[in-house]
Amino acid sequence: MTRDQIVEEARNWIKTPFLHQGRSGVGVDCVGLVQVVGNAFGVKYDDLTGYARAPSDVRFLRHLRQFLTPQPIKGNRNGLVGVFRQRVFPCHIGIFAVANGVTTVINSRTDRGMVVEELFDPTDLVLVDLLGFPGMED
């Protein structure tokens, strides 16, 4: 799988409704979006369920690092999974992309009610970690 293929697959999910802990076309949350995109390429996960809508511990980040590969924060982010802090704890993820020469994030957000691709705003989504799908090529 290439970074561009990951972005293409993630874009297929745009407008899918937000559904807390959703993992299908009926709806996905931010974790579900990354999981269904990874599943399209045969990436296997132990699904993390039973989490609150705003996790208050780092269990979320530790779990992600078991299945995704840490990447340098600097450089090309296209197709990589960003882990974002909202308030104090890392509790949101999305897939970086590039549209019309600008960095975007494809993510499922409660405040949008669906999967969206939006300009990356580091004041809204504070990047704390960057992860890649195993076996991903440039």
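Residues numbered from 1 in each chain as written. Predicted model: local features only at pLDDT ≥ 70, side-chain atom pairs only at ≥ 80, totals over all residues. Heavy atoms only, no water.

Caption draft 1: Layout of the pattern of salt bridges. If you walk through the whole model with that rule in mind, you get nine salt bridges. Between Arg-11 and Glu-117 there is a salt bridge, with its nearest N and O atoms 2.8 Å apart. Of the two residues, Arg-11 sits in helix H1 (residues 3–11) while Glu-117 sits in strand E7 (residues 114–119), which places them 106 residues apart along the sequence. Between Arg-109 and Asp-111 there is a salt bridge, with its nearest N and O atoms 3.0 Å apart. One network of salt bridges, in which partners are shared, links Arg-109, Asp-111, Arg-112, Glu-118 and Asp-124. (Salt bridge = Lys/Arg side-chain N within 4 Å of Asp/Glu carboxyl O. Helix = DSSP H or I, 4+ residues; strand = E, 2+ residues; numbered from the N terminus.)

Caption draft 2: The arrangement of the side chain of Asp-29 in detail. Of note, Asp-29 is situated in the loop between strand E2 (27–28) and helix H2 (30–39). Within the structure, Asp-29 has its side chain in polar contact with the backbone nitrogen of Gly-32 (distance 2.7 Å). (Polar contact = N/O pair within 3.5 Å; in protein donor to acceptor, adjacent residues only side chain to side chain.)

Caption draft 3: Focus on the packing of aromatic side chains. Tallying each qualifying case throughout the model produces three aromatic pairs. Arranged with centres 6.1 Å apart and planes meeting at 40°, the rings of Phe-84 and Phe-120 form a pair that is tilted. One end of the pair, Phe-84, is in strand E4 (residues 81–86); the other, Phe-120, is in the loop between E7 and strand E8 (126–132), with 36 residues separating them in the sequence. Look at Phe-84 and you get buried, because its relative accessible area is 0%. Counting every residue linked through ring pairs, the aromatic cluster contains Phe-84, Phe-96 and Phe-120. Of note, Arg-77 hangs over the ring of Phe-96, and the distance from its end group to the ring centre comes to 5.4 Å. (Phe/Tyr/Trp six-rings, centres within 6.5 Å; stacked < 30°, edge-to-face > 60°. Buried < 20%, exposed > 50% of the residue type's maximum accessible area, 1.4 Å probe, protein only. Lys NZ or Arg CZ within 6 Å of the ring centre and 35° of its normal.)

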